[in-house]
Amino acid sequence: MFYRTLLAASFAAVFSSGAWAAVSAEEAKQLGTTLTPTGAEKAGNKEGTIPAYTGGLTTMPAGYQKGSGVRTDPFADEKPRLTITGKDAAAQADKLTEGTKELLKRYPTMRVDVYPTHRTVAVPQRVLDNTAKNAVGAKTVDGGVALENVLPGYPFPIPKTGSEAIWNHLLRYSGLGYDGSRYQNWNVDAAGVATLAVEADAFWAWPIYDPKRTGVISATEPYWYNKLLYVGPARRNGEALLLVDAVNPLKQPRKAWQYLPGQRRVKLAPDLAYDTPNPGAAGAATYDDVSVLNGAIDRFEWKLVGKKEMYVPYSSYRLTYHKTAADITKPNHLNPDLVRWELHRVWVVEATLKPEKRHIYSKRVFFLDEDSWTALASDQYDARGQLYRSSFAFQSYSYDVQAPFGDTFAIYDFSSGVYNISGLFGPHNGLKYMAELPRDSAWSPEALAGAGLR
Amino acid sequence: MRYSRKSANGIHAFRRRAAALAIGSLLASAGTAGAFEIDTGNPDLSLRWDNTIRYNLGYRAQSQDPAILGNPNFDDGDRNFSNGSIVTNRIDLLSEFDFVYQRRFGFRTSYAAWGDAAYSHLDNTNTATANTLVDGLPVAGTLSRYTKRYSKGPSGEWLDAFAFANFDAGDVPVNVKAGQHTVFWGDSLLLGGAVHSVSYAQNALDLQKGFTTPGSEAKELFRPRGGITLQAQPTRELSVAAQWFYNWQAVRIPESGSYLTINDGLNFGGNSAIVAANPLFGTVPGTPALLRAWNMQSIAPSRYSASLGDFGLSARWSPAWLDGTLGFYGRNTTDILPQVLLTPGLATTLPATTCTAIGGVPLGGTNCIINQNATTPADLAKYGKFGTYQTAYGDNIHIFGVTLAKEIAGASVAAELSYRQNMPLQSANVLVVPAPLVGAFPGSIATTSVPSSGTPGALGDTVHGLVNVIQVLPRTALFDTATVQGELTWMQWAKVTQNEAVFKGNSTYAGIDRVSKNYVGLAVNFTPTWFQVWPGVDLLAPMTWSQGVSGNAAVQLGGNKNAGNWSAGVAADIYQKYRAQLSYNGYFGNYSTTPTGAMNVANGTFAALSDRGWVSLTFKTTF
């Protein structure tokens, strides 16, 4: 009888109108008890290599100057507890992403320095409160590509499907916004020559996380404002880009405007999304590869594979805030001396290209941090099923504003030998956050035209 | 820098990478990231100096067309560069300096300099048809002073020179720019569209640079203009702007004597226009074989004037329901393209009695000097001076338009519709004759009625429209990515409001360039890209095509049927810093011929350049 009701319940779930049953109130009670408020396992692991979650990094490290955009490494004195090179890769295979293994296999100079694990992530209470409400209230619709009844917080702290898990990444909390801090993106070609691809002032904002904004988020509401004022390479000085992404890119596609120097007006840009190559990455990345994954997810089927303990880049203060880009952009791969890896539990989410859709990646595997839901790594496979590219996000916790930062990211293209590293804030004055959102008109294309200098 | 050799993936790949290594080390060490950012130590202050250098080498790939050589007013540029000669050997430098305080206030200035060694020696030896005058007499293979400055150099000019401020008026952000600058309105995309846009004549265009220097940045082609632009954004969805000018400039065309001369008599560098055979040739020693009209002071606004009368207002509205932007524009402007007045001094069919009756000087037979301000018997004999001509620029042109920008099917689409009044139309030369002769020449004006501003040629009301599309294509089997730009332009003349007699669309005009009621033009740019073909090197294949598809436009430079230009080539983008491009540039169009086979009337500017195909090699970098 028990089985029959269970079977009936599962049939009911399958034949319901596409919206998977939300988490039960019972399950949701785990948040804050056995699970952290964002849905991670609170306890440490058996081996002791992953500690229990104790509320994240709540103190600022000594040596950090309050108000500075350069965040000092809270764990600067630590030494690696484990070093992995090509010959050890096989022994550690189950804890390394395919991309990491490929790099270790190809390059004797590649090294994974594993440091002690610190679960640094903590987000503001209001985000956690909304997350708890979302646990029972939020749902995906339209086969997982749209959302309903989501408050500004993580939508699915206890995900049941791959789509739900990836929505946590897409709507993750990264603070309120970046206040025009200058960053660099570099391409390193197959011959090992590093080229400055982009140098720009980043005005980014996530308006749904404005403390003054309460209530359920709507599909067409802007999720991400991205205003970039280019200063480099020199020939791009004066260009600007404004990107507006909605919560649901299928209901409201990405809007982008380019500012044209010499004419001082903006032109609506075509849809820069999906697998259109990102010209700033020397063809090594698509537009939806930015930040490991961004934009619409409708071309893929999403499967929640499960949870694994893996070595992933973490607390990457040394990389994001390093002063000299040339130290980072070594031939073939990032300088291993500046990349910190830790063992963390990650959700593995697999995306398979729908047969009727088109994309250069036939499969993508994402590894989401259990604490912050940021996609920390991904492996991308081409139409033949071969490993084509791999991405890594270099997350560090911005302890002064209580927000995880994950917008330093790299992508390695294994067929061309090119890699791209984006979001280096060290060469200039670090990363400063907005204390409050600017007025709404600041995010309009006409504001871009009015303020244009060149 | 250290480089690692990749583990061998095949001999060929290794060799390619080794070669690239060698070039790579040379170029990579030559240029570091970033321009000259002057560090003041004050985080509020930003001083930036960028320089762009471009080198162009071009050679003539198409032979001179005897028909075009046969027309004395279109042959000088053609003859100056014989088959297979170097047509440009030019260095351009663009230097830009920005001073910005707190991202809110500051000023900007830019300077362009150039020099072209190809103009050191010119091949034309045909004095008889030369339009350039030295001391009143034609000289072949020489440039006028104006042409020499802009085609040969070395010379330079200030482009931008303006101050700006961003501030709040209450809750409304306001931006002001004052000084010499460019703000281009509307949604046109390519240069052809700019002629039919609401923004027409907002800024003069440097067509000389645009036609002859492939790879010119847009920021060099829109000529900065002295004025004040104010932009305010009262709400998120609405922004308004106002513009007022105190400076006027004409379009800069490839000047008389340059390789792509549009007309030997134009514009500021054109000294004379050839009119007819000289009846005194052979009888008066030293007199030229052909009669010429001399270029006189143009009827144009003064360069700087507080009462120029050029201004504009615009509103751009992006309501949520539209998911796009609507623009509304109203402007008053002076034209940037001229019409031509011709003042004959000599008439060859006037009997002596009629000649004296109108106050002229009979010369014997039926020759008569009808206007002694235009020529004198002495000038006629010595220089073959027929009379004078001058350019005139229409003013007080009203332009009203609506624009729409929207994303459709993932592509960026924009459209414009505008209406113009007092718009100068394609006209035959307006003759300026003594009052008693006005009746004999339809459309002519009396010598006493030459206006001090505006133009006496044909004016009318016109309607213009355009639609353009920009799309970026994802990877296909043929390319890694590609950019497509297309623009369709249309215009119609609604009515003629002045001097229909000289309008080239009236019932009697029968030239090949007869204006049609409607005109449609199309331009397409297609640039496929292949990333990292060699390490650090992206390859592109830029292709462009532009032509009039149907009809002849009623406005200058508006387009003619089957006339246009095209280019195709390959370019390499190296380390996102250096660009090299090899292209073929061609021009085409139809012309009518005289019974002897010389070109009579060109249907469109490009028809007269249809033998000027050339190959260009360009190098460009910004540092």
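The preceding data block contains the structure.
Small disclaimer: the values here were computed from a predicted structure and weren't measured.

Each value, and the rule that gives it
Residue numbers restart at each chain and count upward from 1, following the sequence in its written direction. Numbering of ligands from 1 and lettering of chains from A proceed in the order in which they are written. Where totals are concerned, whole chains, interfaces and linings use all residues; where local detail is concerned, this predicted model gives features only for residues with pLDDT of at least 70, and gives and counts side-chain atom pairs only at 80 or more. The side-chain numbers reported here are obtained from all heavy atoms of the structure, hydrogens and water having been left aside. Every helix listed is a DSSP run of H or I at least four residues long, and every strand listed is a run of E at least two residues long, numbered separately from the N terminus. As a reference, a globule follows 2.2 Å times the number of residues to the power 0.38, and the radius of gyration itself is taken over C-alpha atoms. A simple rule labels every residue: compare its accessible area, found with a 1.4 Å probe on the protein chains alone, to the largest value its type can have, and call it buried under 20%, exposed over 50%, or partly exposed in between. In this description, contact between two residues means that some pair of their heavy atoms is separated by no more than 4.5 Å. We get accessible surface area from the Shrake-Rupley algorithm with a probe of 1.4 Å; when it comes to residues, only the shown protein chains can shield them. Among buried residues, those of type Ala, Val, Leu, Ile, Met, Phe, Trp, Tyr and Cys that are joined through side-chain atoms within 4.5 Å constitute a nonpolar core. Two parts placed together each lose some accessible area under a 1.4 Å probe, and adding up what both lose gives the buried area. Put simply, a salt bridge is a Lys or Arg side-chain nitrogen that is within 4 Å of an Asp or Glu carboxyl oxygen. Any pair of nitrogen or oxygen atoms within 3.5 Å is treated as a polar contact; in protein, a donor-acceptor pairing is required on top of that, and neighbouring residues in sequence qualify only through side-chain atoms on both sides. Note that Gly is not counted as nonpolar here; it falls among the polar residues with everything else outside the nonpolar set of Ala, Val, Leu, Ile, Met, Phe, Trp, Tyr, Cys and Pro and the charged set of Asp, Glu, Lys and Arg. Strands pair, by our definition, only if DSSP identifies at least two bridges between them. Summarising the geometry, the arc corresponds to the directions from the helix axis toward the C-beta atoms. Working definition: a ring pair exists when centres of Phe, Tyr or Trp rings (six-membered ring for Trp) sit within 6.5 Å. Plane angles under 30 degrees give stacked, over 60 give edge-to-face, the rest tilted. In this scheme, Lys NZ or Arg CZ marks a charge over a ring once it lies within 6 Å of the ring centre and within 35 degrees of the ring normal. Each patch is built from residues that are more than 30% exposed by relative accessible area and take part in no salt bridge. Like charges join if they lie within 9 Å; nonpolar side chains (Val, Leu, Ile, Met, Phe, Trp, Tyr) join within 5 Å.

Looking at the overall build of chain A
For step 1, the next point in the chain: Helices and strands together make up the secondary structure of chain A, namely eight helices and 19 strands.
For step 2, the next point in the chain: Its C-alpha radius of gyration of 21 Å places chain A within 12% of the 22 Å reference for a compact globule of 454 residues.
For step 3, the next point in the chain: For the C-alpha atoms alone, the extent of chain A along its principal axes is close to 75 × 55 × 50 Å.
For step 4, the next point in the chain: Within chain A, the proportion of its 454 residues that are buried is 65%.
For step 5, the next point in the chain: Sequence-distant contacts, at least 24 apart, represent 65% of the contacts inside chain A between residues at least 6 apart.
For step 6, the next point in the chain: Total accessible area on chain A stands at roughly 16,000 Å², and carbon and sulfur atoms take up 56% of it.

Some remarks on the nonpolar core
For step 1, the next point in the chain: Among the nonpolar cores identified, the biggest contains 106 residues, and Trp302(A), Leu319(A), Leu334(A), Phe366(A), Leu368(A) and Ile421(A) are the most heavily contacted of them.
For step 2, the next point in the chain: Contacts of Phe366(A), omitting those with residues within four sequence positions, involve Ile166(A), Val292(A), Leu293(A), Trp302(A), Trp347(A), Val348(A), Val349(A), Ala351(A), Ala375(A), Ala377(A) and Ser378(A).
For step 3, the next point in the chain: Counting 49 residues, the second-largest nonpolar core is a separate cluster that includes Ala118(B), Leu266(B), Trp493(B) and Phe606(B).

A few points about the interface of chain B and chain A
For step 1, the next point in the chain: Taken together, the 74 residues of chain B in the interface contact 65 residues of chain A.
For step 2, the next point in the chain: Roughly 5,600 Å² is buried in total at the junction of chain B and chain A, and carbon and sulfur atoms are behind 48% of that figure.
For step 3, the next point in the chain: Joining chain B to chain A, the criterion identifies eight salt bridges.
For step 4, the next point in the chain: With a shortest N-O distance of 2.7 Å, Asp201(A) and Arg103(B) are connected by a salt bridge.
For step 5, the next point in the chain: Here chain B and chain A share 25 residue pairs in polar contact (both at pLDDT 80 or more) between them.
For step 6, the next point in the chain: Class assignment for the residues of the side of chain B that touches chain A results in 28 nonpolar, 21 polar and 25 charged.

Let's talk about the pattern of salt bridges
For step 1, the next point in the chain: Under the defined criterion, the tally for this structure stands at 56 salt bridges over all chains.
For step 2, the next point in the chain: What you see here is one network of salt bridges that share partners, running through Glu41(A), Arg119(A), Lys307(A), Arg345(A), Glu370(A) and Asp371(A).

Description of the sheet that holds strand E18 (residues 367-369) of chain B
Residues and elements named next belong to chain B.
For step 1, the next point in the chain: In space, the three strands of this open sheet follow the order E16-E18-E17, with antiparallel pairing throughout. Looking at the sheet topology across the chains shown, the edges are occupied by strand E16 (346-347) and strand E17 (361-364).
For step 2, the next point in the chain: Two elements, E16 and E18, share two bridges in a ladder whose sense is antiparallel. In the strand pairing of E18, Leu-346 is matched with Ile-369.

Brief notes about helix H4 (residues 145-152) of chain B
Counting along an α-helix, one turn takes 3.6 residues, and residues three or four places apart therefore face a common direction.
Residue and element names in this part refer to chain B.
For step 1, the next point in the chain: What H4 keeps buried is the set Thr-147, Tyr-150 and Ser-151. End-on, the buried residues of H4 take up no more than an arc of 90°, which puts them together on one face.
For step 2, the next point in the chain: The elements touched by buried residues of H4 are strand E3 (86-101), strand E4 (105-116), strand E7 (155-169) and helix H6 (207-212).
For step 3, the next point in the chain: Positive phi shows up at Gly-153, right after H4, with a value of about 70°.

As for unusual backbone geometry
Most peptide bonds take the trans configuration, and most residues that are not glycine carry a negative phi.
For step 1, the next point in the chain: With an omega of -5°, the peptide bond running from Gly153(B) to Pro154(B) counts as cis.
For step 2, the next point in the chain: Structurally, Pro154(B) can be placed in the loop between H4 and E7.
For step 3, the next point in the chain: For Ala282(A), which is not glycine, the phi torsion reads 50° and is therefore positive.
For step 4, the next point in the chain: Among the secondary structure elements, Ala282(A) is positioned in the loop between strand E10 (265-268) and strand E11 (300-313).

Details of the sheet that holds strand E12 (residues 290-295) of chain B
Residue and element names in this part refer to chain B.
For step 1, the next point in the chain: Reading across the sheet, the six strands line up as E11-E12-E19-E15-E22-E23 and stay open at both edges, with mixed pairing between neighbours. With one partner strand each, in any of the chains shown, strand E11 (272-277) and strand E23 (445-446) form the two edges of the open sheet.
For step 2, the next point in the chain: Looking at chain direction, E12 and strand E19 (residues 385-392) are connected through four bridges and run parallel. The partner of Trp-294 across the bridge, within E19, is Thr-388.

Examining the packing of aromatic side chains
For step 1, the next point in the chain: Enumeration over the complete set of coordinates arrives at 42 aromatic pairs over all chains.
For step 2, the next point in the chain: Residues Tyr587(B) and Phe606(B) carry aromatic rings whose centres are separated by 5.9 Å and whose planes lie at 15° to one another, so their mutual orientation is stacked. Taken as a pair, Tyr587(B) in strand E30 (residues 578-588) and Phe606(B) in the loop between strand E32 (599-602) and strand E33 (614-622) lie far apart in primary sequence, 19 residues in all. Of the two residues, Tyr587(B) and Phe606(B), neither departs from the other in class, the shared state being buried.
For step 3, the next point in the chain: Among the aromatic residues, those joined into a ring-pair cluster are Tyr178(A), Tyr183(A), Trp204(A), Trp206(A), Trp224(A), Phe405(A), Phe425(A) and Tyr433(A).
For step 4, the next point in the chain: Over the ring of Tyr381(A) we find Lys363(A); its NZ or CZ atom is 4.9 Å from the centre of that ring.

A closer look at the side chain of Gln249(B)
Residues and elements named next belong to chain B.
For step 1, the next point in the chain: Residue placement: Gln-249 occurs in the loop between strand E10 (238-245) and E11.
For step 2, the next point in the chain: A polar atom in the side chain of Gln-249 sits 3.0 Å from the side chain of Arg-223.
For step 3, the next point in the chain: At a separation of 2.9 Å, a polar atom in the side chain of Gln-249 contacts the main-chain carbonyl oxygen of Pro-224.
For step 4, the next point in the chain: Not counting residues within four places of it along the chain, the set of residues in contact with Gln-249 comprises Ala-204, Arg-223, Pro-224, Arg-225, Arg-303 and Ile-336.

Focus: a nonpolar patch on the surface
Residue and element names in this part refer to chain B.
For step 1, the next point in the chain: A contiguous nonpolar patch, built from Phe-36, Ile-38, Trp-49, Ile-53, Ile-91, Leu-93 and Phe-623 and spanning about 580 Å² of accessible area, is present on the exposed surface.
For step 2, the next point in the chain: The set of elements that each furnish at least two residues to the nonpolar patch consists of strand E1 (36-38), strand E2 (45-60) and E3.
For step 3, the next point in the chain: In this fold, Ile-38 is placed in strand E1.

That's the geometry; what it means functionally is another story.
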